[in-house]
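Chain residues, written in single-letter form:
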Amino acid sequence: MQRTEKSERPTGWATLLTLSYFFVASSLVVAQSPPQSPAATPAPAWPAFNPYLAREYNNQSHWNDAATDSTLLAVPRGHYRVTPGSYDWIPGETLGIPAYGARVRGREVVWFFTGTMLRKFLREPSGFREIARRTIRHELPDYAPLSDEQRRAQARDLQSLLEARDEQAVIDYVARQPNRLSSAVEDQVAQGVLYSLLTADHAFIGANARGLLRIDQEDPANPESGLREPLQVTLPDALFDDAKARRYTIFQTDSVFGLGMSFNGYLVINTVGGVVATLDRRTLKLIDVYRAPGADEVITNSFATSGEAGGGAIYVASNRKMYRFVIDRRGRIHSDERSGAWSAAYDVGIRLPVGKIADGTGATPTLTGFGPQDDKLVVLTDGRRKMRLVAFWRDRIPKNSSPPAGAESPRIADQIEVDLGPEWSTVQSEQSVVAYGSYAFVLNGIPDAAVPPLKVRGSYVRGLLAGYTRPLPRGIAMFRWDSKAHRWQALWHRSDIGTVATVPMISGASRMVIVNGSFGDRLGEMYHLGFDLDDGSLVMSIASGADPLFNGAFTGIKCDRDGSLMYTTILGLVRFDVAKMAQVGSPDPQMRKN
């Protein structure tokens, strides 16, 4: 099978980086001292492992069942610049989103869904070595697969065009590509894989618009085992309501938009049209269906699961309510209080013209509080023009709890506005709340109203151009839960940080939140940026210039077991090795703290 090589791509953006760093700080001309590790602090209680999923730190789209988008692993602090040979890259075919890792008999195995197939690799000192691949059934008119070398050439072409800031040339180039780059995002939603997970026996299960697929290992205990033929099923048309999706969201058709596994072993999906359904995890056969009661009720995110309610607790947020459903031992869905289920209204706000799929929340619910003394909460952002961070009691409401003034439900423990300053009239996001212990991190995903909309078909080219020819949406903020007062506290915010449409992550051991983005309107100067949890100071940066190879649009930032950032990008799967990068001074022009 094929072995990927260490990257030796040309660094055409080196001049741009040199100029940008010249104006940052005089510390660039002196040797940088070794990065300082944060003071050791006790790790918070962690979400329980789902017995039906891989016992790994990252086994589904949002890392774990609680959808925290965080890890106990340490990602190195310090300031770096990408150099040739300091990263490994596996090309995707169009837009590949899911990638998972597991240790099997002491060896690191990586699965990467590349757009039309699942590829299995061993991660070795020399890079990634491919073990097996399986192509899924799809119907993409005029699609022509490219070799890995052709994808490398495609990446180099795009980098040159982005460095030239030639927006129309990028649009025209993408439209000509035989691997359907112009519709790569839409193709994944329709026929590829959007949400996915890795089971206890290392089967890969993924969902697209109206189907599910499962790819098993020939021998789960063998790291060099092949992959079985995919099991693919098409879901019944009766689950979907195109008219409802078209009326209340930006989508023209209804589709599956969330996937997870209950702690009692049932596969669960939700649809944009407001359906929650259970399926057999092995056969993918439908078991039970629940339909949201509101005529205008839609679901535009995935969900969280937990071992509560006998292992059947499922936390789903529609654009009208936050729900806890309970899946029983037969796979039946319950929504009544006697079964331990509940629902709670929140402020749905308004429907924005850009930046949101619908009104209400755009966030996958996030669970926090897993220790015996912790407040057990489920957290999301609401739909107000200036969104609020909302915490719901996810189990029994404490007797001494009093909801904040104006709360839509007594189950709301507290809510706080995400305020980036008086000049920010709109603060909203489709990204989940990133949580670690009592910390909760959010970002603004709404672009500046002064930036003219890009009138082009397909999301892929928009993801390519954001941060390169168009300013990124700006604004990030950190909050912390006070378990004594049962209230949120605002810790810090940065209104000058622009972020790519990528789910951030928190490295708990390094006590930092990591985003993919830039400083202000400095186009073409892209970074991965790590901010201290407590004070928001920049403690990590990896400069990648205008190279789209590291653009994490439409995916999420993750790391491997060693703490190296390893995540899918707009062009494939990348793994950083900061030990081989150039150490530089901090690129941070300022630090603002609440």
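The following paragraphs examine the structure supplied in this document. Source: prediction; values computed, not measured.

### Description of the layout of surface pockets
Empty space within the second largest pocket amounts to approximately 510 Å³. Around the second largest pocket, the lining comprises 28 residues; the ones closest to its centre are Pro44, Asp374, Gly437, Ser438 and Arg480. For the lining of the second largest pocket, the secondary-structure elements that each account for two or more residues are strand S21 (366–368), strand S25 (434–436), strand S27 (474–482) and strand S28 (487–499). Top contributing element to the lining of the second largest pocket by residue count: S27, with 3 residues. Grouping the constituent residues of the lining of the second largest pocket by class yields 14 nonpolar, 9 polar and 5 charged.

### A closer look at empty space enclosed by the protein
This model, assessed by the stated rule, comprises 6 cavities of 30 Å³ or more. Considering only enclosed or pocket space, the largest cavity measures out at about 60 Å³ in volume. If you go around the largest cavity, the residues you meet are Gln60, Ser61, His62, Asn64, Ala67, Tyr195, Ser196, Leu259, Ser302 and Phe303. Broken down by class, the residue content of the lining of the largest cavity amounts to 4 nonpolar, 6 polar and no charged.

### Quick notes on the environment of Asp336
Within the element layout of this structure, Asp336 appears in the loop between strand S19 (333–334) and strand S20 (342–345). A relative accessible area of 34% means that Asp336 is categorised as partly exposed. Put simply, Asp336 and Leu420 are 84 residues apart on the chain and 39 Å apart in space, counted from C-alpha to C-alpha. One polar contact links Asp336 to Ser339, side chain to side chain, over a distance of 3.0 Å.

### A few points about the packing of aromatic side chains
Taken as a whole and judged by the stated rule, the model has 18 aromatic pairs. Geometrically, the ring pair formed by Tyr87 and Phe550 is edge-to-face, given 4.9 Å between the ring centres and 90° between the ring planes. Note that Tyr87 is positioned in strand S3 (residues 87–91) and Phe550 in the loop between strand S32 (538–545) and strand S33 (566–568), a separation of 463 residues in sequence. In this pair, the class of Tyr87 matches that of Phe550, namely buried. Ring centres 5.1 Å apart and planes at 80° place the aromatic pair Trp481 and Trp488 in the edge-to-face group.

### Some thoughts on helix H2 (residues 148–163)
Taking 1.5 Å of rise per residue, 16 residues should cover 22 Å, and H2 covers 23 Å from first to last C-alpha, within 8% of that figure. Of all the residues in H2, the buried ones are Asp148, Arg151, Arg152, Gln154, Ala155, Leu158, Gln159 and Leu162. Seen end-on, H2 carries its buried residues on one side only, within an arc spanning 160°. Check the buried side of H2 and you find it contacts S3, strand S6 (117–124), helix H3 (167–176) and helix H7 (459–465).

### Looking at helix H4 (residues 184–191)
Taken residue by residue, H4 has Ala184, Val185, Asp187 and Gln188 as its buried positions. Around the axis of H4, the buried residues are gathered within 165° of arc, so they sit on the same side.

### Considerations on the pairing of strand S9 (residues 204–207)
Every second residue of S9 is oriented toward a common face, with Phe204 and Gly206 on one face and Ile205 and Ala207 on the other, all of them buried. Pairing between strand S8 (residues 195–198) and S9: 4 bridges, direction antiparallel. Within S9, the position partnered with Tyr195 by the bridge is Ala207. Turn length for the S8-S9 hairpin, with the two strands adjacent in sequence and antiparallel, is 5 residues, and the turn residue His202 shows positive phi of about 65°. Where S9 meets strand S10 (residues 211–215), 4 bridges bridge the pair, whose relative direction is antiparallel. Looking at S10, one finds that Ala207 is bridged to Leu212.

Parameters and conventions
Residues numbered from 1 in each chain as written. Predicted model: local features only at pLDDT ≥ 70, side-chain atom pairs only at ≥ 80, totals over all residues. Heavy atoms only, no water. 1 Å grid on protein atoms, 1.4 Å probe; cavity = no way out; pocket = protein on both sides within 12 Å on 5 of 7 lines; lining within 4 Å. Points joined across faces, edges and corners; volume = space filled by probe spheres on them. Helix = DSSP H or I, 4+ residues; strand = E, 2+ residues; numbered from the N terminus. Nonpolar A, V, L, I, M, F, W, Y, C, P; charged D, E, K, R; others polar. Buried < 20%, exposed > 50% of the residue type's maximum accessible area, 1.4 Å probe, protein only. Polar contact = N/O pair within 3.5 Å; in protein donor to acceptor, adjacent residues only side chain to side chain. Phe/Tyr/Trp six-rings, centres within 6.5 Å; stacked < 30°, edge-to-face > 60°. Expected span 1.5 Å × (residues − 1). Arc of directions from axis to C-beta. Contact = heavy atoms within 4.5 Å. Pairing = 2+ DSSP bridges.

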